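# Results of the structural survey
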Amino acid sequence: MNDGNALLHLLQPLAPDFVPDWAVVLTVAIIGVSIVIAIVGLIALAGTWAERKVSAHIQCRYGPMYVGGWHGWAQALADGIKLISKEDMIPIGADRKLFMLAPSILLGAVFAALCAMPLAPAFYFGYIDLGVFMILAFSSLTTIGVVMAGWASNSKWSLYGAMREAAQVVAYEIPLGITLLAPLLVVGTFNLVEASNAQADYFGMGWLAFKNPFVLVSSVIFFIAVLAETKRAPFDLPEAESELVAGFLTEYSGIRWSLFFMEEYAAMFLMSAVTAFFFFGGFESPFSYLAMQSFGDGIVYQLVCFLTLVVKGSFGIFMMMWLRWTLPRLRIDQVMTMGYKYLTPLALICVLGAGIWEAIKHAVS
Amino acid sequence: MVKANPVRRYIKNIWDSVYSTAVGMRITGKYLMQKPITVQYPDERLPIPDRYRGIHYLEQEKCINCLACARACPIDCIEMDAIRHGKELEWVLFTVDYQKCMFCELCVYPCPKDCIHMGTDFAFTVFDRSELVLDLLSYKGMSREARIRKKEAEEKKAAKEAAKAAKAAAAAETAAAEAEPESADDEEQEG
């Protein structure tokens, strides 16, 4: 039971005998991919709307108020329709194939990474023992897409943006990976579902960040590295609209441009969810503990767990927006300094400290 | 300046960045919780100051077509014309060309009857530049026939009022006070 695809396990007994196995697998794959695509679309819609509202309210404005009625909730939809109906422009000097491929690679990487993310303790598309590695690997793959977009655009601004992205991601992959080792030391598994289940003690508040002070510090470092990884301010140098026009997005318009944004918001949610899984309890919260106690392991518990994850991911996105509208953009040398000179050593100290703490705890108990 | 210990500087840098980020986020968080200070413009508007200089507002019934405002205008954007019928005026035009007008308020001061004012309306968007020449007249005034008709109506009304007053006077004999306010005629003919 604890392997493969939860959907497959759900649907396999329902399939009639004459249906071949490959058809069942194909159906399950299509359903799963549709769910992930729907999630990415929803996150992008809600994310752009929330970004506009949060930025507006931080600046004491209202933001979108008219489209759709209540606080302009349909603004993102209207924007999407506008972007789809725009002309698909490819610059004359651009490398057409790479130019068209780049957004797909970005989005495909995020899709793949999202597939590794369980949506509930018993609803996942893959019970992957190295789940967090898969997520980190695929979210790093987005860099290839950005560099490709920058190179194919045949514009110096795009290339500058792409180079910055490459430099930045190389610098911040290190603290990102290292800080993740601290909670992994404590929990002892790379599997997201198992990591979440390990945090269910103390009435659903046995979060790894509270079990070990070094994990709490490394969660902050991890979050900063995530900001750089997802190209969010104050590390949005690849885009840097005041310096590089729009960085690697300069030559993109219409639906291709919006694909980059879908990728950005999906990656934001994904990385917030990973932060939640390995530092702040994953599915576990007092609510899911209550649901577990009163309704057992059934559908209610799964639903509460899913909602907990959504709330935690949304809170992560909110923190990213809050930071974006608080801090000015760093200079590229400051970004490099922060990555190599500050975050990397601190991450190493955190891992060392977490290991020593765990060893002492083990020796005492 | 004493050269700081590099280790202390390193730790201070970390502390500074954490502290300044926390302060900044507290400030932006405060603004996030605050009610927005902007208003949804076409639906609600902020009050406009009394001395605001917007589109002119003409009290046409007071105007005597003396051309003082047109003469005062430094860029000659006011044009006015009226035909006199005794004390009454039959207006031909009173236009302000808002392509030229610079809202200097110089037309307001020379007015002997205090009938031209700077209004509060500022949103003046049109599809054609010719529409920027705005006619301030709210009515065209009296033609000869209309003037006669109005005079008759006024006489009738005055007679009615006189009868009414006489009746009231008769009814209230005890009341000694019998005040008949003289109606001031604003539209004196000037020589």
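Here the structure is shown first, and the text comes after it.
From a predicted model like this one, the values you see are computed outputs, not experimental measurements. (Residues numbered from 1 in each chain as written. Chains lettered and ligands numbered in written order. Predicted model: local features only at pLDDT ≥ 70, side-chain atom pairs only at ≥ 80, totals over all residues. Heavy atoms only, no water.)

## Thoughts on the overall build of chain B
In plain terms, the rule: Under the DSSP-based scheme used, a helix requires at least four consecutive residues in state H or I and a strand at least two consecutive residues in state E, with every element numbered from the N terminus. Residue contacts are counted whenever heavy atoms from the two residues lie within 4.5 Å of one another. Exposure was quantified through the Shrake-Rupley algorithm and a 1.4 Å probe, taking into account, for residues, occlusion by the shown protein chains and nothing else.
Helix and strand counts for chain B stand at 3 helices and 5 strands. Pairs at least 24 apart in sequence give 71% of the contacts found in chain B among residues at least 6 apart. Accessible surface, chain B as shown: approximately 14600 Å² in total, 56% of it carbon and sulfur.

## Some points on the overall build of chain A
This is how the line gets drawn: Only C-alpha atoms enter the radius of gyration; for comparison, a globular chain is expected to reach 2.2 Å times N to the power 0.38, where N is the number of residues. Throughout this description, buried means an accessible area under 20% of the type-specific maximum (1.4 Å probe, protein chains only), exposed means over 50%, and partly exposed covers the range between. Charge counting treats Lys and Arg as positive and Asp and Glu as negative, with His and both chain ends excluded. Note on charges: their place is set at NZ of Lys, CZ of Arg, CG of Asp or CD of Glu.
Across its full length, chain A carries 14 helices and 0 strands. Starting at the N terminus and ending at the C terminus, chain A contains elements arranged as α-α-α-α-α-α-α-α-α-α-α-α-α-α. Over its C-alpha trace chain A gives a radius of gyration of 21 Å, about what one expects of a compact globule, namely 21 Å for 365 residues. Buried positions account for 50% of the 365 residues belonging to chain A. Long-range contacts, defined here as pairs at least 24 residues apart, represent 77% of the contacts in chain A between residues at least 6 apart. One finds the centroid of the 19 positive side-chain charges in chain A at a distance of 11 Å from the centroid of its 25 negative side-chain charges.

## Brief notes about the interface of chain B and chain A
For clarity, the cut-off: Put simply, buried area is the surface a 1.4 Å probe can reach on two separate parts but cannot reach once they are joined, added for both. Just to be clear on terms, a salt bridge is a Lys or Arg side-chain nitrogen sitting within 4 Å of an Asp or Glu carboxyl oxygen. When residue character is reported, Ala, Val, Leu, Ile, Met, Phe, Trp, Tyr, Cys and Pro are called nonpolar, Asp, Glu, Lys and Arg charged, and the others, Gly included, polar.
With 19 residues of chain B in contact, the opposing surface of chain A contributes 19 residues. When residues of chain B are sorted by the area they lose upon contact with chain A, Met25(B), Leu32(B) and Gln40(B) head the list and together hold 35% of the total. Taken together, the connections running from chain B to chain A amount to 0 salt bridges. Tallied by class, residues from the side of chain B that touches chain A come to 9 nonpolar, 8 polar and 2 charged.

## Notes on the sheet that holds strand β2 (residues 78-85) of chain B
Residue and element names in this part refer to chain B. How we decide: Strands qualify as paired when DSSP identifies two bridges or more between them. Lines fitted to the C-alpha atoms define the axes, with helices restricted to the stretch that makes contact. Angles between their N-to-C directions range from 0 to 180 degrees.
With antiparallel pairing, 3 strands are arranged side by side in an open sheet as β2-β3-β5. What marks the edges here is a single partner per strand, and that holds for β2 and β5 (133-135). On average, each strand axis in the sheet is tilted by 15 degrees relative to the strand beside it, whichever way the strands run. Relative to β5, strand β3 (residues 88-97) runs antiparallel, the two being bridged by 3 bridges. By the bridge assignment, aspartate 97 is partnered in β5 with valine 133.

## With respect to the pairing of β2(B)
Residue and element names in this part refer to chain B. Alignment of β2 against β3, held across 8 bridges, turns out to be antiparallel. Its bridge partner lying in β3, alanine 82 is registered against tryptophan 91. Counting the residues that bridge the hairpin from β2 to β3 gives 2 residues, and of these glycine 86 lies at a positive phi of roughly 65 degrees.

## A look at the environment of Ala171(A)
Residue and element names in this part refer to chain A. Within the secondary structure, alanine 171 sits in helix α6 (residues 156-187). With 57 residues separating them in the primary sequence, alanine 171 and alanine 228 have C-alpha atoms 9.1 Å apart. In this structure, alanine 171 is in contact with Met336 and Tyr340, ignoring residues within four places of it in sequence.

## Digging into unusual backbone geometry
Located in the positive-phi region is His71(A), a residue other than glycine, with phi close to 50 degrees. Inspection of the secondary structure puts His71(A) in the loop between α2 (21-58) and α3 (75-85).

## Focus on the packing of helix α13 (residues 299-324) of chain A against helix α1 (residues 6-33) of chain B
This is how it is decided: Between 65 and 115 degrees an angle is taken as roughly perpendicular, under 35 as roughly parallel, over 145 as roughly antiparallel, and anywhere else as oblique.
Across the interface, α13(A) lies against α1(B) with an axial gap of 9 Å and an inter-helix angle of 100 degrees. By the angle class used here, α13(A) and α1(B) are roughly perpendicular. Contacts between α13(A) and α1(B) involve Phe318(A), Met319(A), Trp322(A) and Leu323(A) from the first element and Thr21(B), Met25(B), Thr28(B), Gly29(B) and Leu32(B) from the second. Partitioned by chemical class, the residues of the contact of α13(A) with α1(B) number 6 nonpolar, 3 polar and no charged.

## A look at helix α10 (residues 213-229) of chain A
Residues and elements named next belong to chain A. So the rule is basically this: Expected span of a helix: the number of residues minus one, times 1.5 Å. Two N or O atoms count as a polar contact when they lie within 3.5 Å, although within protein this holds only if one can serve as hydrogen donor and the other as acceptor, and sequence-adjacent residues are included solely when both atoms are side-chain atoms.
Here α10 spans 24 Å end to end across 17 residues, near enough to the 24 Å set by a 1.5 Å rise per residue. Taken as a whole, α10 has its buried residues at Val215, Ser218, Ser219, Ile221, Phe222, Phe223, Ile224, Ala225, Val226, Leu227, Ala228 and Glu229. Packed against the buried residues of α10 are α5 (131-152), α6, α9 (208-211), α11 (254-278), α13 and α14 (332-364). With a side-chain oxygen lying 3.1 Å from the backbone nitrogen of phenylalanine 214, the N-terminal cap of α10 falls on asparagine 212. Just downstream of α10, lysine 231 is the residue with a positive phi angle, here 60 degrees.

## What to know about the side chain of Thr189(A)
Residue and element names in this part refer to chain A. Structurally, threonine 189 can be placed in the loop between α6 and α7 (192-197). Engagement of the side chain of threonine 189 in a polar contact is seen with the backbone nitrogen of asparagine 191, the distance being 3.0 Å. Within the structure, threonine 189 has its side chain in polar contact with the side chain of glutamate 194 (distance 3.0 Å). Contacts of threonine 189, omitting those with residues within four sequence positions, involve Leu184, Glu194, Ala195 and Phe278.

## With respect to the nonpolar core
What counts is decided by this rule: The term nonpolar core refers to a set of buried residues drawn from Ala, Val, Leu, Ile, Met, Phe, Trp, Tyr and Cys, joined through side-chain atoms within 4.5 Å.
In this structure, Leu114(A), Met117(A), Ile135(A), Tyr172(A), Leu180(A) and Phe278(A) are the most contacted members of the largest nonpolar core, which totals 88 residues. Ranked by the residues each element gives to this core, the list is headed by α11(A), at 13 residues. Listed in part, the 24 residues of the second largest apolar core include Ala70(B), Cys107(B), Cys115(B) and Ile116(B).

## Details of a nonpolar patch on the surface
Residue and element names in this part refer to chain B. Threshold: Without a salt bridge and with relative accessible area above 30%, a residue can belong to a patch; like charges are then joined within 9 Å and nonpolar side chains (Val, Leu, Ile, Met, Phe, Trp, Tyr) within 5 Å.
Side chains of Trp15, Val18, Tyr19, Val23, Ile27 and Tyr31 sit close together on the surface and give an oily, nonpolar patch of about 580 Å² of accessible area. In this structure, valine 23 sits in helix α1. Since its relative accessible area comes to 30%, valine 23 is described here as partly exposed.

## Points about the pattern of salt bridges
All names here are of chain A. With the rule as written, the count across this model stands at 12 salt bridges over all chains. Where aspartate 79 meets arginine 52, a salt bridge forms, and the shortest distance between an N and an O atom there is 2.9 Å. Note that aspartate 79 is positioned in helix α3 and arginine 52 in helix α2, a separation of 27 residues in sequence. The exposure class of aspartate 79 is partly exposed, given its relative accessible area of 26%. The exposure class assigned to arginine 52 is partly exposed, which follows from its relative accessible area of 36%.

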